[in-house]
Amino acid sequence: MRVGKLTALTAGAALLLAGCGGGDTAGGTGENALPGVDQFLNAPCPEAAVKPATDKEFTYWSMWTADEPQGKVLQKAFKCFQEKTGVKVDVQWLGRKAYTQNLVPALNTDAVPDLFDQDVSKVGAAIMTPGGTQSVDDVFAMKVGEGDKTVKDVLSPSSYDFPQNKDREGHNFMVPYTIQSSAWWFNKDAAGDIQQPKTMDELIGLFDKAKADGKAAISLDGDIPFYNMYFYTQLAERYVGAGGLYKAATDKTGQTWKTDPGFLKAATETAKLPKYFIDGWDAAKFPQVQQRWADGDSRFLYVGSWAPSETREYLDKQGAGTKINYGSFQFPMPAGATHDTVEQMSIGFSVTKKAKHAEAAKAFIAYFLNKDLLSGIPAVADNLVPRADLAVPDDLKQVKAAMDDPKKEHVLQYDGIDGIAGGKWQTDVFDPADIALLKGQITPEQFVDQLATKGAEFWKNQG
């Protein structure tokens, strides 16, 4: 797979991930159960190629909860690892805030886990930057239990080999096991098999048709700031390319926002969208508006590649026998844009600097990347994995095709601006301007001016 370079330097945001399976899920056990769940959970354990010589246990702080699909996959992997190596896994299911509420405060103590997971941006800012991680370069040479295949052999290079996954010495600090992107989602049974719009006018035409059909066009849970970020950042990336947003956000004078016309053009295109948002988008609490989309109140939803997993679980709990025939497409190229971009985010394992059982933790990482275990991520959690030889869920094939398109320029999610200054730049500078633009309280010109002015003030106050 040939990919563009992820050029934006980033740090990770101290944000709760609302998506990627967030919530009390059951692994799909009813009308919306995935066909491979039972097959995966009941399959025999693969052999472990790497067995720790001395460690008999290690601790793991998980970004998942035990009853989420990802938690179920990991629980099987822990059981198998102990069966095949004799090593016990002491796991704490802490959820999305684990890295900020638990791990960051623990970094200056000896009470840190050996292993933890999160997306690469958040690990980079909150854990790696203060020196809380160690190199996992040696893991890439470990065998995964498939003959002579190593971790490096089975992983797609684009999932780990980029600047944001390097520490100060240039070593990798994370090994991925899930990859994510984002898209416009729709129900083919309600909207028809919509083709990729080629222009913004075609996209707006889809929204107009939805309204003509008596539907709201776009569902948006406006209480999630990084859901609100999607629209402007997706459009701006197509004008300024990978690294362009990050460059502007870290310009201490703020003037890059004004000197590159792409930022104003993106704001102008963004301002055309809010009139299509569902009523109450800015007053509801997540996931109420997403659930309204699943219920058919609106036609389109723009979120990450976890959308099918989350909405399927919601419908399953409703017990009404409702199903969604998922379709998706990418933002089209706006007029005058020259960068055909697609976003990608890697979630994976990192080992703490103070790990007492790093040997066992690293051996487990290699073991989990065995195809018989990693296949649980698409089979049970309906998510994408960084191995090209594993199944792609039907719901995500259009997203994966965009990510694999060699003509597209790959960009880290939000171009990394969500992690600048530990997430403070987003909350202090971007979010107030973004929500004001989406609510029609400021013009596109005022939006750009505000980013420039408030950005300069922010960096001045940082010292």
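As the structure is a computational prediction, the values presented were derived from the model and not from experiment. (Residues numbered from 1 in each chain as written. Predicted model: local features only at pLDDT ≥ 70, side-chain atom pairs only at ≥ 80, totals over all residues. Heavy atoms only, no water.)

Undergrad: Would you take a moment to explain the overall build of the chain for this structure?
TA: The number of helices and strands found in the chain is 19 helices and ten strands. In summary, the chain has a C-alpha radius of gyration of 22 Å against a globular reference of 23 Å for 463 residues, a match within 12%. Projected onto its principal axes, the C-alpha coordinates of the chain cover approximately 65 × 55 × 40 Å. When the 463 residues of the chain are sorted by exposure, 59% land in the buried category. Considering only contacts within the chain whose residues lie at least 6 apart along the sequence, 80% involve residues at least 24 apart. Here the chain displays about 17500 Å² of accessible surface, and carbon together with sulfur accounts for 49% of that area. When the 49 basic and 60 acidic side-chain charges of the chain are each reduced to a single mean position, those positions are 2 Å apart. (Helix = DSSP H or I, 4+ residues; strand = E, 2+ residues; numbered from the N terminus. Rg over C-alpha atoms; globule rule 2.2 N^0.38 Å. Buried < 20%, exposed > 50% of the residue type's maximum accessible area, 1.4 Å probe, protein only. Contact = heavy atoms within 4.5 Å. Areas by Shrake-Rupley, 256 points an atom, 1.4 Å probe, with all protein chains shown as cover. Lys, Arg positive; Asp, Glu negative; His and termini not counted. Charge placed at Lys NZ, Arg CZ, Asp CG, Glu CD.)

Undergrad: In this structure, what is going on with unusual backbone geometry? I would like to understand it.
TA: Negative phi characterises most residues that are not glycine, and trans characterises most peptide bonds. Residue F286 is joined to P287 through a cis peptide bond whose omega torsion reads 5 degrees. Looking at the element boundaries, P287 is found in the loop between helix 11 (261-270) and helix 12 (288-294). The backbone of Y414 shows a phi angle near 60 degrees, a positive value even though the residue is not glycine. For Y414, the position within the fold is in the loop between strand 10 (409-412) and helix 18 (424-438). Even without a glycine there, the phi angle at D415 is positive, about 55 degrees.

Undergrad: When you look at the packing of helix 2 (residues 69-85) against helix 14 (residues 358-368) in this model, what are you seeing that I'm missing?
TA: Each pair of packed helices gets described by two things: the angle between the helix axes and the distance between those axes. At a minimum axis separation of 11 Å, helix 2 and helix 14 run at an interaxial angle of 115 degrees. Regarding helix 2 and helix 14, the two cross each other, and that crossing is right-handed. Residues V73, L74, A77, F78, C80, F81 and K84 of helix 2 form the contact with helix 14, whose participating residues are A360, A363, F364, Y367 and F368. Across the contact of helix 2 with helix 14, the residue classes break down as eleven nonpolar, no polar and one charged. (Axes fitted to C-alpha atoms, helices over the stretch in contact; angles between N-to-C directions. Left-handed = near helix turned anticlockwise from the far one by under 90°. Nonpolar A, V, L, I, M, F, W, Y, C, P; charged D, E, K, R; others polar.)

Undergrad: Can you help me understand the confidence of the model for the chain in this one?
TA: For any part of a model where pLDDT is low, the fine detail of the predicted coordinates should not be relied upon. Summarising the model, the chain shows a mean pLDDT of 91, and 92% of its residues fall at 70 or more. Residue range residues 1-29 is modelled with pLDDT below 50. Its contacts to residues more than four positions away, or to other chains, number 116 contacts. (pLDDT = per-residue confidence, 0-100.)

Undergrad: Explanation requested: the state of the cysteines in the structure shown.
TA: Working definition: the covalent bond between the sulfur atoms of two cysteines is a disulfide. Under the counting rule described, the total for this entry stands at one disulfide. Disulfide pairing places C45 opposite C80 at an S-S distance of 2.0 Å. When the S-S torsion is -70 degrees, as for the bridge of C45 with C80, the disulfide is left-handed. Of this pair, C45 sits in the loop between helix 1 (37-41) and strand 1 (57-62) while C80 sits in helix 2, placing them 35 residues apart in sequence. Across the pair, exposure class does not vary: C45 and C80 are buried alike. (Disulfide = S-S within 2.5 Å.)

Undergrad: Quick question: what am I supposed to make of the domain arrangement of the chain here?
TA: The extent of an interface is frequently quoted as the accessible surface area lost upon association of the parts. Structurally, the chain comprises domain 1 (37-180 + 345-405) and domain 2 (183-343 + 412-462). Computed over C-alpha atoms, the centres of domain 1 and domain 2 are 29 Å apart. The partner domain 2 presents 19 residues to the 18 residues of domain 1 that form the contact. Contact between domain 1 and domain 2 buries roughly 1500 Å² in total, counting both sides, with carbon and sulfur atoms accounting for 54%. Between the two partners, domain 1 and domain 2, sit two salt bridges. Between D395 and R312 there is a salt bridge, with its nearest N and O atoms 2.3 Å apart. Viewed at the interface, domain 2 and domain 1 are joined by four residue pairs in polar contact (both at pLDDT 80 or more). By residue class, the composition of the side of domain 1 that touches domain 2 is ten nonpolar, five polar and three charged. (Domains from an automatic or database assignment. Buried area = accessible area lost by both parts, 1.4 Å probe. Salt bridge = Lys/Arg side-chain N within 4 Å of Asp/Glu carboxyl O. Polar contact = N/O pair within 3.5 Å; in protein donor to acceptor, adjacent residues only side chain to side chain.)

Undergrad: Is there a simple way to think about helix 3 (residues 98-106) in this case?
TA: Working note: α-helix, 3.6 residues per turn, so residues spaced by three or four point in the same direction. Looking only at helix 3, the buried set comprises A98, Y99, L103 and A106. Taken end-on, helix 3 shows its buried residues confined to a sector of 95 degrees, consistent with a single buried face. Exposed and facing more than 90 degrees away from the buried side of helix 3 are Q101 and P105. Elements that come into contact with the buried residues of helix 3 comprise strand 1, strand 3 (115-119) and helix 4 (120-128). (Arc of directions from axis to C-beta.)

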